[in-house]
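Commentary on secondary and tertiary structure
This is what each chain is made of:
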Protein chains: 2
Amino acid sequence: MKIILLSGGSGTRLWPLSNDARSKQFLRLLDSEKGKESMVQRVIRQLRASGIKAEVTVATSAAQKDSVVSQLGESVNIVTEPSRRDTFPAICLACEYLSRMHGCGPEETVVVMPCDPYTELGYFESIKRMAAGIKSGVADMIVMGIAPTYPSAKYGYVVPGGELAPGIRSVKRFTEKPDVATAERLIAEGAQWNGGVFAFRLGYMTSIAEKYVKEDSFAGIIEHYDEFPKISFDYEVAEKAANVGMVEYRGEWKDLGTWNTLTDELSDHAYGNVLTDGTEVNTHLFNELTIPMLCLGTKDLVVAASPDGIIVAEKSKSENVKEFAEALKQRPMFEERRWGTYKVIDSVEFEDGYCALTKQLTLRPGCAISYQEHDCRDEVWTFIDGEGEIVLDGKRSSVKRGMTVNIPKGMKHALKARTSLTFIEVQSGSNLVETDIRRFEWEW
Amino acid sequence: MKIILLSGGSGTRLWPLSNDARSKQFLRLLDSEKGKESMVQRVIRQLRASGIKAEVTVATSAAQKDSVVSQLGESVNIVTEPSRRDTFPAICLACEYLSRMHGCGPEETVVVMPCDPYTELGYFESIKRMAAGIKSGVADMIVMGIAPTYPSAKYGYVVPGGELAPGIRSVKRFTEKPDVATAERLIAEGAQWNGGVFAFRLGYMTSIAEKYVKEDSFAGIIEHYDEFPKISFDYEVAEKAANVGMVEYRGEWKDLGTWNTLTDELSDHAYGNVLTDGTEVNTHLFNELTIPMLCLGTKDLVVAASPDGIIVAEKSKSENVKEFAEALKQRPMFEERRWGTYKVIDSVEFEDGYCALTKQLTLRPGCAISYQEHDCRDEVWTFIDGEGEIVLDGKRSSVKRGMTVNIPKGMKHALKARTSLTFIEVQSGSNLVETDIRRFEWEW
């Protein structure tokens, strides 16, 4: 059995704590015995606690890859989508990866699951039953049905039929996001929410994938990734499948995708440098900036500040953040990368278009920034903590706290941390874009 | 006639927009025909509009001096208190300054006024009547009485007696901040609020001042400034005066010293990089950071963000900011100086006590930072806009956008802007305090 964990999402509904690089599933806000953890860390921890030993492959975007590496480390495989499409192409790619790169045979049981639902351990027991159903050939595909608690128009529904095997019913049909009246009728009919968890044999999916992209190698599939239709797995596969089963899960199942639903699950009300007078009611405060946040006497409020921005929202209105965050679309102002973290601490554009961007960066011990050069910007690095090695146009030397290095445009540079290495970077030039970068090989 | 404008205040009640260097009177939030203006700019504009041509001397603290210069320029004299004491010493100092440095005679009429009440032009008509009363010898001192609108326990009261001259009544007694019941009785008796505006002959005050500090020169008075008692003008002078008159002012008179009272007078609800969904009610938003602020559906709220911090307060609770701002006491994170402005954009302290502080600074054309050196910190300056001249250990050279200069501890340095000059400064060292500075002379 193999697990494919889908990690996508645009990160606008929990703005400004989430952004394109740090979607909601990477926010370390949830409680665990070992301190705060993110949604993606929680789902992996729960998976292991349930006794499921299956190898996990995370299907994600290039923007999120570094966050996955940073939070899950070596414990998972990662398949990076060459471009953002939809769940059907992403699952095809992950299945081809298992088939071509991991030597999995067509009879291998695969379970696809989202990385962000907030659930209990029973959820993973249902996954075990789904996998067992596929293994024993009860159906071509088995989906997880979640017992609905209200006629939501946000979810897809699964209408079950008779029993295929103990605990596994057939699926009569799928209905995507109905209106509330239809949802009420569906629930009366016994319909369940579609939990987005699917089990099937690997060969079942690869044969569907190969209808669109038929290549000899995984590299070839990557190259032709854009030929997969931009469509969800539900539409392209689940709804068309002839022989589908459903396993029910009755237990906690929440989408902590909005400020309102997320804050319901948090044990703390204040994160970061926050001070209150104690008269606030139902108020959640998140401060990822270094400056202090003071809150006096507020009610039903969520306040969050990060290098990306500040939100102050009445909780019931906080869902509206999505459209505004999209309008505010800017470069991510902080990121967790495979080598460490950075935050933008200042950004200024002058009348003639010349720009300056100041960052604070920290490399983890042993990690390195790739050998690179820029055409349009100069960089000045002032090291304020730690030790490391720098390469400037092929020449290697040591750097440490107190040193400053000038990197004019056109100079190749790489950096590796010996100890945790923190520096201030001042970028300046006429065109400060992330794409102004050429990468080269460097053997440390 | 001479005006003494008292500019003091600690800047905690409008935190984080105000701080030790930028008290409330310097916030450019009020409307004028020429755009936004501060309280101190408003009072000077109103004074001139009323036809009063008297020279103005601003009595202020060292921390606020640069803000006064920056906002009022050459139009006023400035007397800087050597240390913060109270209104009596400050007024003594300003009077001695007029007497010793401006050659004003003892018969000169002086009007002392606060720099921050929000008033109408009638206020200045009352000042004219006060000055005229002193000139014609009606009383030794004339105070402005403000018609009270409620029995406030925050203000001092003036109890008037019979008429000394048309429009000028005698003062029976002063009462400092009574309880509400006493305030009610006082108002029934015809008492007025003490507006903190006083007129007298210069000689009247210098003779009182010289009871405490009797020196031959103004420099001597500065040197012995600490010998003036730490007491208010009201207690030390007004309440003891034998022959006091009162001129009434009936018109708008507000202390915009709290978020609640200030926001009542503002025509705009959003300042800076602010976005809302339009469903907010009675909400004022101030954003002096470069990152965006988004507000959704809030009610009766004031939100303010600056490099000093973020406040989110229910308006009726916003007065409580004072005690918290004092607890948060930190170095000012942005200041308006005589040479320009700076803001702290990042501040970090490592486990071993080593610190780094990153600032963005802008010098106005023609302005200079004094020739100085530091014992405990290195500085790196990266110029991102403009042109100027730098002095490093006595050697003068040009700097401009794109250049970086290293200033290790012990190196003397000065900087002068030819055009508006912006740079990023990274300070680092084991002890980053404002007092680690030795200043030297440099002749540009």
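Everything that follows concerns the structure shown earlier in this document.
Along each chain, residue indices are assigned from 1 in the same order as the chain's sequence is written. Both sets of labels track the order of writing: A upward for chains, 1 upward for ligands. Reporting of local features is limited, given that this is a predicted model, to residues whose pLDDT is at least 70; pairs of side-chain atoms are given and counted only at 80 or more, and all residues count toward the totals for whole chains, interfaces and linings. Derived side-chain values reflect all non-hydrogen atoms in the structure, with water molecules and hydrogen atoms excluded from consideration.

1. Comments concerning the pairing of strand β26 (residues 395–400) of chain A
All names here are of chain A. Relative to β26, strand β25 (residues 387–392) is paired through 6 bridges, and the arrangement is antiparallel. Looking at β26, one finds that glutamate 387 is bridged to lysine 400. Two successive antiparallel strands, β25 and β26, enclose a turn made up of 2 residues, where aspartate 393 displays a positive phi of approximately 45 degrees. Think of it this way: DSSP has to see at least two bridges between two strands before they count as a pair. Only DSSP runs of H or I reaching four residues or more are called helices, and only runs of E reaching two or more are called strands; each is numbered from the N terminus.

2. Overview of the sheet that holds strand β26 (residues 395–400) of chain B
Residue and element names in this part refer to chain B. The 5 strands are arranged β26-β25-β28-β23-β30 in an open sheet whose pairing can be described as antiparallel. Both edges of this open sheet fall to β26 and β30 (438–440), since each of them pairs with a single strand only. Geometrically, the sheet is characterised by an average inter-axis angle of 30 degrees between neighbouring strands, direction not taken into account. Only the contacting stretch of a helix is used when fitting its axis, a line to C-alpha atoms as for every element, and angles between N-to-C directions run 0 to 180 degrees.

3. Observations concerning the sheet that holds strand β20 (residues 334–337) of chain B
Residue and element names in this part refer to chain B. With antiparallel pairing, the 6 strands of this open sheet are ordered in space as β20-β21-β22-β29-β24-β27. One side of each edge strand has no neighbouring strand; the edge strands of this open sheet are β20 and β27 (404–407). Across the sheet, the mean angle from the axis of one strand to that of its neighbour is 20 degrees, orientation sign disregarded. The pairing of strand β21 (residues 340–349) with strand β22 (residues 355–363) spans 9 bridges and is classified as antiparallel. Opposite glycine 340, over in β22, you have leucine 363 as the bridge partner.

4. Quick look at the interface of chain B and chain A
The contact criterion used is simple: two residues touch if any of their non-hydrogen atoms lie within 4.5 Å. Across the contact, 57 residues belong to chain B and 57 residues belong to chain A. Accessible-area loss on putting two parts together, using a 1.4 Å probe and summing over both, is the definition of buried area adopted here. For the pair chain B and chain A, the summed buried area comes to about 4500 Å², and 68% of that belongs to carbon and sulfur atoms. A per-residue breakdown of the area chain B buries against chain A is headed by Leu294(B), Leu296(B) and Ile310(B), which together make up 15% of the total. Here, a salt bridge means any Lys or Arg side-chain nitrogen found within 4 Å of an Asp or Glu carboxyl oxygen. Counting across the chain B and chain A interface gives 4 salt bridges. When the shortest N-O distance is used, the salt bridge between Asp346(A) and Lys343(B) registers 3.6 Å. For this analysis, a polar contact is any N or O atom pair within 3.5 Å, provided that within protein one partner can donate a hydrogen and the other can accept it, and provided that sequence-adjacent residues contribute only side-chain to side-chain pairs. Along the contact surface separating chain B from chain A lie 16 residue pairs in polar contact (both at pLDDT 80 or more). In terms of residue count, the dominant contributor to the side of chain B that touches chain A is strand β19 (residues 309–314) of chain B (6 residues). The residue inventory of the side of chain B that touches chain A, partitioned by class, reads 29 nonpolar, 19 polar and 9 charged. Where strand β17 (residues 293–296) of chain A meets β19(B), 4 bridges bridge the pair, whose relative direction is parallel. When the sheet's bridge partners are listed, Leu296(A) is paired in β19(B) with Ala313(B). Residues were grouped as follows: Ala, Val, Leu, Ile, Met, Phe, Trp, Tyr, Cys and Pro as nonpolar; Asp, Glu, Lys and Arg as charged; and all remaining residues, including Gly, as polar.

5. Regarding the pairing of strand β9 (residues 157–165) of chain A
Residue and element names in this part refer to chain A. With 6 bridges connecting them, β9 and strand β10 (residues 168–175) associate as antiparallel partners. Pairing of valine 159 across the sheet is with arginine 173, part of β10. Taking the residues that link successive antiparallel strands as the turn, the β9-β10 hairpin has 2 residues, and the phi of glycine 167 there is positive, at about 80 degrees. Judged from the 2 bridges that link them, β9 and strand β11 (residues 192–201) form a sheet pairing that is antiparallel. Each bridged residue has a counterpart across the sheet, and for valine 158 the counterpart in β11 is glutamine 192.

6. Observations concerning the packing of aromatic side chains
Aromatic pairs are defined between Phe, Tyr and Trp rings, using the six-membered ring for Trp, whenever the two ring centres lie within 6.5 Å; interplanar angles under 30 degrees are classed as stacked, those over 60 as edge-to-face, and all others as tilted. Evaluated as defined, the whole model comprises 40 aromatic pairs over all chains. Measuring from ring centre to ring centre gives 5.6 Å for Phe88(B) and Tyr212(B), while their planes differ by 75 degrees; the resulting arrangement is edge-to-face. One end of the pair, Phe88(B), is in helix α3 (residues 87–101); the other, Tyr212(B), is in the loop between α6 (202–209) and α7 (218–223), and 124 residues separate them in sequence. Owing to a relative accessible area of 0%, Phe88(B) belongs among the buried residues under this scheme. Aromatic side chains Phe383(B) and Phe423(B) sit 5.2 Å apart centroid to centroid with 35 degrees between the ring planes, which places their arrangement in the tilted category. Of this pair, Phe383(B) sits in strand β24 (residues 377–385) while Phe423(B) sits in strand β29 (residues 421–429), placing them 40 residues apart in sequence. Accessible area is worked out with a 1.4 Å probe on protein chains only. A residue is then buried under 20% of its type maximum, exposed over 50%, and partly exposed in between. On the basis of relative accessibility, which here comes to 0%, the residue Phe383(B) falls in the buried class. For a lysine, the NZ atom is tested; for an arginine, the CZ atom; a charge sits over a ring if that atom is within 6 Å of the ring centre and within 35 degrees of the ring normal. Geometry around Phe440(A) places Lys412(A) over its ring, the cationic atom sitting 4.7 Å from the centre. The residue whose ring lies beneath Lys359(B) is Tyr342(B), and the NZ or CZ to ring-centre distance is 4.1 Å.

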